[in-house]
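Descriptive structure summary
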Amino acid sequence: MSSEKKKKEKEPDITFFHPDLLEVPQDGSLPYLKGYRCTRCGQLDFPKLNPCPGCWGEEFDMIPLSRQGKLYSFADIHIGQPGMNTPYIVGYVDLPENIRIFAQLEGELGSFFCDQAVELTVGPIRMNQDGLPITSYKFKKAAVPEERKS
Ligand SMILES: [Zn+2]
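Since this is a predicted model, take the numbers as computed values, not measurements.

Helix and strand counts for the protein come out as 0 helices and 9 strands. Seen in sequence order, the protein has helices and strands lined up from the N terminus as β-β-β-β-β-β-β-β-β. Relative to its full complement of 150 residues, the protein shows a buried share of 33%. Long-range pairs, those at least 24 residues apart, make up 47% of the contacts in the protein between residues at least 6 apart in sequence. On the protein, roughly 10300 Å² of surface is accessible, and the fraction owed to carbon and sulfur atoms is 51%.

Moving on, we come to the coordination of the zinc ion. Coordination angles at a metal have ideal targets, namely 109.5 degrees for four tetrahedral donors and 90 or 180 degrees for six octahedral donors. Only Cys 38 (SG), Cys 41 (SG), Cys 52 (SG) and Cys 55 (SG) from the protein reach the zinc ion as donors, at distances of 2.3 to 2.4 Å. Taken together, the 4 donor atoms surrounding the zinc ion define angles of 98 to 118 degrees at the centre, an arrangement classified as tetrahedral. On the primary sequence, the residues serving as donors to the zinc ion are separated as C-x2-C-x10-C-x2-C. Residue class for Cys 52 comes out buried when judged on its relative accessible area of 1%.

Once that is clear, we can look at the environment of Asp 27. Relative to the helices and strands, Asp 27 is located in the loop between strand E1 (22-23) and strand E2 (32-38). Exposure remark for Asp 27: the relative accessible area of 64% places this residue in the exposed category. In terms of polar contacts, Asp 27 uses its side chain to reach the side chain of Ser 29, at 2.6 Å.

In this section: the packing of aromatic side chains. One pass over the full model with this rule turns up 3 aromatic pairs. With a centroid separation of 6.3 Å and an interplanar angle of 55 degrees, the aromatic rings of Phe 74 and Phe 112 are classed as tilted. With Phe 74 in strand E5 (residues 68-77) and Phe 112 in the loop between strand E7 (99-106) and strand E8 (117-127), this pair connects stretches of sequence that are 38 residues apart. Measuring from ring centre to ring centre gives 5.2 Å for Tyr 92 and Phe 102, while their planes differ by 55 degrees; the resulting arrangement is tilted.

Further remarks concern unusual backbone geometry. Omega for the bond connecting Asn 50 with Pro 51 falls within 30 degrees of zero, at 5 degrees, which places this linkage in the cis form. Looking at the element boundaries, Pro 51 is found in the loop between strand E3 (44-45) and strand E4 (60-64). Going from Thr 86 to Pro 87, the amide bond is cis rather than trans, its omega being -10 degrees. Inspection of the secondary structure puts Pro 87 in the loop between E5 and strand E6 (88-95). Unlike most non-glycine residues, Trp 56 shows phi in positive territory, near 65 degrees. Residue position: Trp 56 is located in the loop between E3 and E4.

With mixed pairing, 5 strands are arranged side by side around a closed barrel as E5-E6-E7-E9-E8. The sheet shows a mean angle of 40 degrees between the axes of neighbouring strands, direction not considered. Pairing geometry for E7 and strand E9 (residues 133-141), over 3 bridges, is parallel. Residue pairing across strands places Glu 106 opposite Lys 140, the latter belonging to E9.

Here we come to the nonpolar core. Grouped together as the largest cluster of nonpolar side chains are 19 residues, with contacts concentrated most on Leu 33, Phe 46, Leu 65, Ile 101, Tyr 137 and Phe 139. Those elements that place two or more of their residues in this core are E6, E7, E8 and E9. The dominant element in this core, judged by the number of residues it contributes, is E7, at 4 residues.

Procedures and definitions
Residues numbered from 1 in each chain as written. Predicted model: local features only at pLDDT ≥ 70, side-chain atom pairs only at ≥ 80, totals over all residues. Heavy atoms only, no water. Helix = DSSP H or I, 4+ residues; strand = E, 2+ residues; numbered from the N terminus. Buried < 20%, exposed > 50% of the residue type's maximum accessible area, 1.4 Å probe, protein only. Contact = heavy atoms within 4.5 Å. Areas by Shrake-Rupley, 256 points an atom, 1.4 Å probe, with all protein chains shown as cover. Donors = N, O, S within 2.8 Å, 3.2 Å for Na, K, Ca; no water. Tetrahedral: all angles 85-135°; square planar, octahedral: opposite > 155°, others 65-115°. Polar contact = N/O pair within 3.5 Å; in protein donor to acceptor, adjacent residues only side chain to side chain. Phe/Tyr/Trp six-rings, centres within 6.5 Å; stacked < 30°, edge-to-face > 60°. Pairing = 2+ DSSP bridges. Axes fitted to C-alpha atoms, helices over the stretch in contact; angles between N-to-C directions. Core = buried A, V, L, I, M, F, W, Y, C linked by side-chain atoms within 4.5 Å.

Dropping the structure here:
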């Protein structure tokens, strides 16, 4: 046996974050997040929870989620995890489907406020171990805020 240690082949790292969560249609139509509705009890979740926490069902219909939501809360991050350029912004976005999503926010620091209308966008969220950007969902200020309810 060779005394030389064989270098471990590095697995290719991901460049697209969870295709089961985010759809970016190839035909150029707008990207959307994938919700999963339990076929037995109707509970809608994002991300997919299997089995369903409501009834332990294991069959789901994929439901495209709304592209716009309201910013519930957010924070500026100045000390980030490795592979992430600081500062960046993270927040919780409430969708009309009564789903709260944690995501990065795209925009200027200090330009967000709670209850702001935001919309889904797609872009790099961090670098992978090969130094390539990982694409995922983010939210940015909504270009055209939906009509306010109330
Ligand atoms: Zn269920």
